[in-house]
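Take a look at the letters that make up each chain.
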Amino acid sequence: MKPGDWLILCLALLLVPLSWSMTQRNSGVMAAIEITVGDQPAVVYPIKDQRQITVAGDLGDSVVEIRDGRVRMISSSCNGKICILSGWHQHSGDNIVCLPNKVGVSLISNQERFDGINF
Amino acid sequence: MSCCRWLPAVLLILTALLTACEKQNLHRYQSFAFGTLIEIKIRGDDKSLANQAAANLFVDFDRRHNDWHAWQPGKLTQTSALLATEEWFTADETVLALIKLSKQYSQLSSGLFNPVIGKLIQVWGFQGSEPLTPPSQEIIARLLDKLPNADDIDIDGNRLRGHNSQLQLDLGAIAKGYAVSTGIQKMRDLGIKHALINAGGDLCGIGNQGERPWRIGIRNPSGNGIIASIELEKDECVFTSGDYERYFTHEGKRYHHIIDPRTGYPADQVVSVTVLHKNGALADAASTALFIAGPDDWQPLAKKMGVSDVMMIDKQGRIIMTPSMQKRIKLEPGNKNKVIISKPLT
């Protein structure tokens, strides 16, 4: 092969992992959650650990669960429990909000598949 | 040394790829305002301008939330009280424009978007934070007997007069859309070219995210992830009215917050309606009106209201959409819902 051919081959080999990496980064899988309580600054939690986070809202405690790369609200001091009934969330750009308790959970990543979720 | 001839091209390609991987100048802000969680994304090099714009918007949203609140004492409740006197009065300028627009859209919607049925919404409990039980049939019948509509408001310049003592403004089906559209305009006036406002799941965007348009996922009403996605063209809003947003369950039956002014009960044929339009206020009001109109009657109403990009999910889980919406929306792979494309809105 000529030197130019070798170069093209090297470039192609370089592009394969790079393209794969970019595809993964654009997959919209969340990397972290951001919990906002009232007017307090948001706090970021990674999702690699399985854990439950208890935060104190206007009405009382809300409990957020992170498991297997997904997040949900499992307990809330509001009556409606709509935030709990909305179930698991896994796409970056999505939110779980308990308005009465003023607790918001935002799913974030470096490269989001969606810039926002409409509902 | 022929490889040297390739070197600039290789470096150029690699540089372009690596640049594409870098995070854009995307600034993100989030706050509870306007009774919901609001997220603002601004793309641009001037971070201080973005900070200033977001801070201004949050203050503005909060002020409007107080001014337009349907039941907490403020400008709107004062206006409702004055309308109920059935005498002419000079309206506060902070509510006048929105009332004028609400009347216009209510007429376009044949009254299905009704901005003056605050008393009906109130008895259902959706003006408090936690509704628990449905009102009795007697209460609903009594309210329906003299139910006001937007035509009961006379408008003469900045003066208003009511014609129905039951008039009570509740602009919940338009206020957020109007506020978000106005917010977008304010950012544009500040020189911001690329921004996205997400107000509790309703969004308006200008410009783009960088190398691509703003990309919005539409949540599956069943609660199972995303059902579709859409890329916003320049200056567009996407609004959805859904029966899952606010509701309560009583004796095994679910009651949601979108009340049909013709029956006094929650509209029960549809799960969600998504409208794409440049005007957030219109998209907001239209999504409510088309939800109430239901699967059989929404098309003439959509045409009358001037919205052409509509997606409706009915109680059977069927996805009904206009041909123009079909061109814009991308259903998620593996969608099992039946898809029906309506006739063009001629």
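Predicted, not measured: the structure shown is a model, and the values here were computed from it.

**A few points about the overall build of chain B**
Okay, so step 1: Regarding its fold elements, chain B presents ten helices and 17 strands.
Okay, so step 2: For 346 residues, the compact-globule estimate of 2.2 N^0.38 gives 20 Å, and chain B sits close to it at 23 Å.
Okay, so step 3: Here the C-alpha coordinates of chain B stretch approximately 90 × 45 × 40 Å along the principal axes.
Okay, so step 4: Within chain B, the fraction of its 346 residues that count as buried is 53%.
Okay, so step 5: Carbon and sulfur atoms form 51% of the exposed surface of chain B, whose accessible area is close to 15,300 Å².
Okay, so step 6: Side chains of chain B give 39 positive and 37 negative charges; the mean places of these two sets differ by 6 Å.

**Remarks on the sheet that holds strand β16 (residues 329-331) of chain B**
Okay, so step 1: Here we have four strands laid out as an open sheet, ordered β8(A)-β8(B)-β9(B)-β16(B), and mixed in their pairing. Edge positions in the open sheet fall to β8 (116-118) of chain A together with β16 of chain B, since each of these has one partner strand only. Here the average twist between neighbouring strands, direction ignored, is 30°.
Okay, so step 2: The sheet contact formed by β8(A) and strand β8 (residues 215-219) of chain B spans three bridges and is parallel. In the sheet register, A:I117 faces β8(B), and the bridge partner there is B:G217.

**A look at the domain arrangement of chain B**
All names here are of chain B.
Okay, so step 1: Here chain B is partitioned into domain 1 (75-162) and domain 2 (211-341).
Okay, so step 2: Spacing between the C-alpha centres of domain 1 and domain 2 amounts to 24 Å.
Okay, so step 3: If you look at the interface, domain 1 gives 25 residues, while domain 2 gives 25 residues.
Okay, so step 4: For the domain 1 and domain 2 pair, buried surface summed over both sides reaches about 2,100 Å², with 71% attributable to carbon and sulfur atoms.
Okay, so step 5: For the interface between domain 1 and domain 2, the tally reads zero salt bridges.
Okay, so step 6: On the surface where domain 1 and domain 2 come into contact, there are four residue pairs in polar contact (both at pLDDT 80 or more).
Okay, so step 7: If you list the elements that add at least two residues to the side of domain 1 that touches domain 2, you get α4 (93-108), α5 (118-123) and α6 (137-145).
Okay, so step 8: A per-element tally of the side of domain 1 that touches domain 2 places α4 first, with four residues.

**Some thoughts on unusual backbone geometry**
Residues and elements named next belong to chain B.
Okay, so step 1: With phi around 55°, S110 is a residue other than glycine that occupies positive phi space.
Okay, so step 2: Within the fold, S110 resides in the loop between α4 and α5.
Okay, so step 3: Located in the positive-phi region is E251, a residue other than glycine, with phi close to 50°.
Okay, so step 4: One can find E251 in the loop between β11 (247-250) and β12 (253-256).

**Things to note about the nonpolar core**
All names here are of chain B.
Okay, so step 1: Of all hydrophobic cores here, the largest spans 69 residues; its most connected members are I38, I40, I42, F61, M187, I197 and L290.
Okay, so step 2: Ranked by residues supplied to this core, first place goes to helix α8 (residues 280-293) with ten residues.
Okay, so step 3: Taken domain by domain, this core gets at least three of its residues from each of domain 1 (75-162) and domain 2 (211-341).
Okay, so step 4: The contact partners of M187, leaving out residues within four places of it in the chain, are I40, I42, A53, L57, I192, A195 and I197.

**A short note on the confidence of the model for chain B**
Okay, so step 1: Per-residue confidence for chain B averages 92 on the pLDDT scale, and 92% of its residues sit at or above 70.
Okay, so step 2: As scored by the predictor, the complex reaches a pTM of 0.85 and an ipTM of 0.89.

**A short note on the packing of α4(B) against helix α9 (residues 298-305) of chain B**
Residues and elements named next belong to chain B.
Okay, so step 1: For the pair α4 and α9, the least separation of the axes is 9 Å and the interaxial angle reads 140°. It follows that α4 is oblique to α9 by the angle criterion. Contacts from Y105, Q107 and L108 in α4 reach L301, K304 and M305 in α9.

**Some details on the state of the cysteines**
Okay, so step 1: Using the criterion set out here, one finds one disulfide over all chains in the structure.
Okay, so step 2: Two residues, B:C204 and B:C237, share a disulfide whose sulfurs are 2.1 Å apart. Judged by the torsion about the S-S bond (105°), the B:C204/B:C237 disulfide is right-handed. Taken together, the residues B:C204 in strand β7 (residues 202-206) and B:C237 in strand β10 (residues 236-242) connect sequence positions 33 residues apart.
Okay, so step 3: Free cysteine: A:C78, not disulfide-bonded; nearest cysteine sulfur from A:C98 at 3.4 Å.

What counts, and at which threshold
- Residues numbered from 1 in each chain as written.
- Chains lettered and ligands numbered in written order.
- Predicted model: local features only at pLDDT ≥ 70, side-chain atom pairs only at ≥ 80, totals over all residues.
- Heavy atoms only, no water.
- Helix = DSSP H or I, 4+ residues; strand = E, 2+ residues; numbered from the N terminus.
- Rg over C-alpha atoms; globule rule 2.2 N^0.38 Å.
- Buried < 20%, exposed > 50% of the residue type's maximum accessible area, 1.4 Å probe, protein only.
- Areas by Shrake-Rupley, 256 points an atom, 1.4 Å probe, with all protein chains shown as cover.
- Lys, Arg positive; Asp, Glu negative; His and termini not counted.
- Charge placed at Lys NZ, Arg CZ, Asp CG, Glu CD.
- Pairing = 2+ DSSP bridges.
- Axes fitted to C-alpha atoms, helices over the stretch in contact; angles between N-to-C directions.
- Domains from an automatic or database assignment.
- Contact = heavy atoms within 4.5 Å.
- Buried area = accessible area lost by both parts, 1.4 Å probe.
- Salt bridge = Lys/Arg side-chain N within 4 Å of Asp/Glu carboxyl O.
- Polar contact = N/O pair within 3.5 Å; in protein donor to acceptor, adjacent residues only side chain to side chain.
- Core = buried A, V, L, I, M, F, W, Y, C linked by side-chain atoms within 4.5 Å.
- pLDDT = per-residue confidence, 0-100.
- Parallel < 35°, antiparallel > 145°, perpendicular 65-115°, else oblique.
- Disulfide = S-S within 2.5 Å.

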